[in-house]
Amino acid sequence: APMRRWRMDDEEVAYPMYELITRNRHMLKAHPGFFNICIHKGLRTGVLPLAELGHPADIPKAARDWPDLNFIYYHSCIRPGFWVLDSLNEVNSGVLRDGVPDILWTTEMAVLSAPFRNVYAELGTTFASTVITFPSVCAHILGQLLKFMGEDHVVFGSDSVWYGSPQWQIEAFWRFQIPEAMRKQWGYP
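Cut-offs and rules
- Residues numbered from 1 in each chain as written.
- Predicted model: local features only at pLDDT ≥ 70, side-chain atom pairs only at ≥ 80, totals over all residues.
- Heavy atoms only, no water.
- Helix = DSSP H or I, 4+ residues; strand = E, 2+ residues; numbered from the N terminus.
- Rg over C-alpha atoms; globule rule 2.2 N^0.38 Å.
- Buried < 20%, exposed > 50% of the residue type's maximum accessible area, 1.4 Å probe, protein only.
- Phe/Tyr/Trp six-rings, centres within 6.5 Å; stacked < 30°, edge-to-face > 60°.
- Contact = heavy atoms within 4.5 Å.
- Pairing = 2+ DSSP bridges.
- Polar contact = N/O pair within 3.5 Å; in protein donor to acceptor, adjacent residues only side chain to side chain.
- Core = buried A, V, L, I, M, F, W, Y, C linked by side-chain atoms within 4.5 Å.
- Disulfide = S-S within 2.5 Å.

Caption draft 1: Quick look at the overall build of the protein chain. Each helix and strand counted, the protein chain has eleven helices and six strands in total. A compact globule built from 189 residues would reach a C-alpha radius of gyration of about 16 Å, and the protein chain, at 17 Å, matches this within 12%. With respect to the principal axes defined by its C-alpha atoms, the protein chain has extents near 50 × 35 × 35 Å. The buried share of the protein chain, reckoned over its 189 residues, is 45%.

Written as structure tokens, this is what we have:
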């Protein structure tokens, strides 16, 4: 049988799994990782990316319906594109979402997730690729995630399986600063 594609708010596929986890909370307390649902969202996973699979539209309903679960979105839903050139073009386009440059999918994810304390943005390849190719895009992404979601809802990830030792990313993360002019213009922390 062909694989069925599903969304995080799919009541027929995802919700029975969430229900099983929460119903068995008493047995899983010693394993808190069971309450962290990690989702690959963004970055193309095949030749023909399906927008629905990477788009953040399914985040609010799942987060609202399952407040006891943490939803950790890998890559912060960055939209597929060649070395995030599309994201640079989006920043430079002048199109805004909630008062900041609209980096498709990522900005929307940050805005949609803001009301929910159980949604987290993981950086992974999003940070690794932007910090070396387009640091201004990296600054906007980090600024938007911090502005809308807060510092406690941004998770460092290295995707070191692809990039080797994560030390260079850790050092880049320690040193990286959002330029003051950008913070003032866009209201980034």
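Caption draft 2: Quick peek at the packing of aromatic side chains. Counted according to the given criterion, the structure contains eight aromatic pairs. Seen in terms of ring centroids, Phe127 and Phe173 are 5.2 Å apart; in terms of plane orientation they differ by 85 degrees. Their pairing is edge-to-face. Linking Phe127 in helix H7 (residues 124-133) with Phe173 in helix H10 (residues 167-175), this pair joins segments that are 46 residues apart in sequence. An aromatic cluster of three or more residues is present, and its members are Tyr15, Tyr18, Trp66 and Phe71.

Caption draft 3: Focus on the environment of Val131. With respect to the secondary-structure elements, Val131 resides in helix H7. It is 8.6 Å that separates the C-alpha atoms of Val131 and Phe173, two residues lying 42 residues apart in sequence. With sequence-adjacent residues up to four places away left out, Val131 is seen in contact with Cys138, Trp168, Ala172 and Phe176.

Caption draft 4: Region of interest: the sheet that holds strand E5 (residues 119-122). Overall, parallel pairing links the four strands, which are arranged E1-E2-E5-E6 in an open sheet. Each edge of the open sheet is held by one strand with a lone partner, namely strand E1 (36-40) and strand E6 (154-155). Sheet topology note: the strand E2 (residues 70-74)/E5 ladder contains three bridges and is parallel. Paired with Tyr73 across the two strands is Ala121, which belongs to E5.

Caption draft 5: View of the side chain of Thr107. Within the secondary structure layout, Thr107 lies in helix H6 (residues 106-113). Looking at Thr107, its side chain comes within polar contact range of the main-chain oxygen of Pro101, at 3.2 Å. Discounting chain neighbours no more than four positions away, the residues touching Thr107 are Arg97, Val100, Pro101, Asp102 and Gln144.

Caption draft 6: Just the nonpolar core, in detail. Judged by nonpolar contacts, the single largest core of 47 residues is most densely connected at Tyr18, Phe71 and Tyr73. With residues near it in sequence (within four places) discarded, Tyr73 still touches Met8, Ile39, Lys41, Ile59, Met109, Val119, Tyr120, Ala121 and Glu122.

Caption draft 7: Fine view of the state of the cysteines. Counting across every chain of the model gives zero disulfides. The closest cysteine sulfur to the non-disulfide-bonded Cys77 is located on Cys38, 13 Å from its own sulfur. For Cys77, a relative accessible area of 0% puts it in the buried group. Here Cys138 stays unpaired: no disulfide links it, and the sulfur of Cys77, its closest cysteine neighbor, is 17 Å away. You can call Cys138 buried: its relative accessible area is 2%.

Caption draft 8: Main features of the pairing of E1. Side chains Ile37 and Ile39 of E1 all project onto a buried face; the interleaved residues Asn36, Cys38 and His40 project onto a face where none is buried. Pairing of E1 with E2, which is carried by five bridges, proceeds in the parallel orientation. Looking across to E2, one finds that Ile39 is bridged to Tyr73.

That is the geometry; function is a separate question.
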